[in-house]
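The primary structure of each chain is shown beneath.
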Amino acid sequence: MATYAPLDIPEDGKLAHNIAHFARALRKAGLPIGPGRTLDAVNAVAAAGFDRREDFYFTLQAIFVSRPEERLLFDQVFRLFWRDPRYLDHMMSLMLPQVHGVQEDRAAQAAEKRAAEALLDGQLPPAPRDTAEGDQIEIDATATISAEERLKTLDFEQMSTEEVAAAKRMLAKLSLPVQPLKTRRMAPSALTLRIDARRTLREALRHGGEITRLAHKAPVTRWPNLVVLCDISGSMADYSRMVLHFVHAVANRKGQGWARVHAFTFGTRLTNISRHLRDRDVDAALRAAGAQAQDWSGGTRIGQSLHSFNRDWSRRVLGQGAVVLLITDGLDRDDTTLLARETERLHLSCRRLIWLNPLLRWTSFAPRAQGIRAILPHVDSFRAGHSIASLEALGRAISEPSDHGERDRLMAMIRS
């Protein structure tokens, strides 16, 4: 953790009041904090003291943070509320309209925009008025795009609290239709595409060998399974949470074709969360899934996690022509030989393996990481997975076997 400056504690004896205000800011930023936790925080600080900023930080974190994915947001709000002047200037700039030459060039990092909105309470700082004579200010033209279209292309990691809530509502309405699969098995059919000779002769025997009509048959169709393997390590936590909202909507939407939807999370270990997604309440479903997946926002062991899936689950869930969605950034520091071998085994066990990687949102993305180089040759399609629009485009990758996304282009870069 970064080293903090000395804590700016007010001298007017209003520490409890400031802790209560800090708790309200955390609640507005999205943390589930009530009056009980606020009282616990005041009592904990009184018992632990606040001579050192680190002690004060970890005392409040122990009270207000209950899940690993909440630590980053807590850290951002803490730095802003308890006076980091440079950080305060940056956060206020995030709330300014996007005007070239005024706003900082650096984009908002994870949870920063939500922290800014919570602390500034939606009040925009005044834009600077004094510009040098002759300077030209360019207004970002994307402001003219409708809010819904803008939200579809917005990076999940850069969304504010309000935008995250709106994105979740949009994800709940998305569907992922799939075409049925034809099997070798035949069934009686009214269609006249293929004559069923056996049934025709059997019926003729009932009429003394006279063929009164021709029986017909057609291939039986069935629906494939959808299997989602979602990386929940620290670098993927914000994206995984939104993708799981989408997977929950797919799992609970009737009539779109999937026989069953199976979901697994992995960071340092594999966790099956399929049964939690059957809960109609998405918040309750993801809360239960997060409680079961203890490695949320932890490290990454992609190769070992895929090995666990191939060993324990592939025969159970990958039958019937299953489609597999692998959601990860591919940044694995473990043995890449194991990662390549297990990805190849996974590819051979399913009908299509589609890799969603949020890093692909960058136009300058190149397959330099060894983990990405190990996975890429064994996937059918490689696509971005950082926004609502990228999840909407999944339908084409699933329904069109010829769709490879960015795989062929990046494979050419690896070979060159």
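As shown above, the structure is provided for reference.
One structure accompanies this document, and this report is about it. (Residues numbered from 1 in each chain as written. Predicted model: local features only at pLDDT ≥ 70, side-chain atom pairs only at ≥ 80, totals over all residues. Heavy atoms only, no water.)

Observations concerning the overall build of the protein
Next up, step 1: Looking only at helices and strands, one finds 18 helices and nine strands in the protein.
Next up, step 2: For the protein, the residues scored as buried account for 46% of the 416 residues in total.
Next up, step 3: A sequence separation of at least 24 residues applies to 75% of the contacts in the protein between residues at least 6 apart.
Next up, step 4: Carbon and sulfur atoms make up 50% of the accessible area of the protein, which totals about 22,200 Å². (Helix = DSSP H or I, 4+ residues; strand = E, 2+ residues; numbered from the N terminus. Buried < 20%, exposed > 50% of the residue type's maximum accessible area, 1.4 Å probe, protein only. Contact = heavy atoms within 4.5 Å. Areas by Shrake-Rupley, 256 points an atom, 1.4 Å probe, with all protein chains shown as cover.)

Some points on the side chain of Thr271
Next up, step 1: Its location among the elements puts Thr271 in strand S6 (residues 270–272).
Next up, step 2: When near neighbours in sequence (up to four residues on either side) are disregarded, Thr271 contacts Ala263, Phe264, Thr265, Gln292, Ala293 and Asp295.

As for the sheet that holds strand S3 (residues 216–222)
Next up, step 1: Taken in spatial order, the three strands make up an open sheet running S1-S3-S2, and their pairing is antiparallel. In the strand order of this sheet, the two ends are held by strand S1 (181–188) and strand S2 (194–195), each with one partner. (Pairing = 2+ DSSP bridges.)

Quick look at the pattern of salt bridges
Next up, step 1: Using the criterion set out here, one finds 13 salt bridges in the structure.
Next up, step 2: Across the pair Asp196 and Arg199 runs a salt bridge, and its minimum N-O distance is 3.5 Å. As far as burial versus exposure is concerned, Asp196 and Arg199 are alike and both buried.
Next up, step 3: Taken together, the salt bridges that share partners define one network made up of Asp196, Arg199, Glu203 and Arg213. (Salt bridge = Lys/Arg side-chain N within 4 Å of Asp/Glu carboxyl O.)

Considerations on unusual backbone geometry
Next up, step 1: With a phi angle near 60°, Ser297 is a residue other than glycine that sits in the positive phi range.
Next up, step 2: If you trace the backbone, Ser297 turns up in the loop between helix H11 (282–292) and helix H12 (302–312).
Next up, step 3: Ser297 sits in the partly exposed class, given a relative accessible area of 25%.

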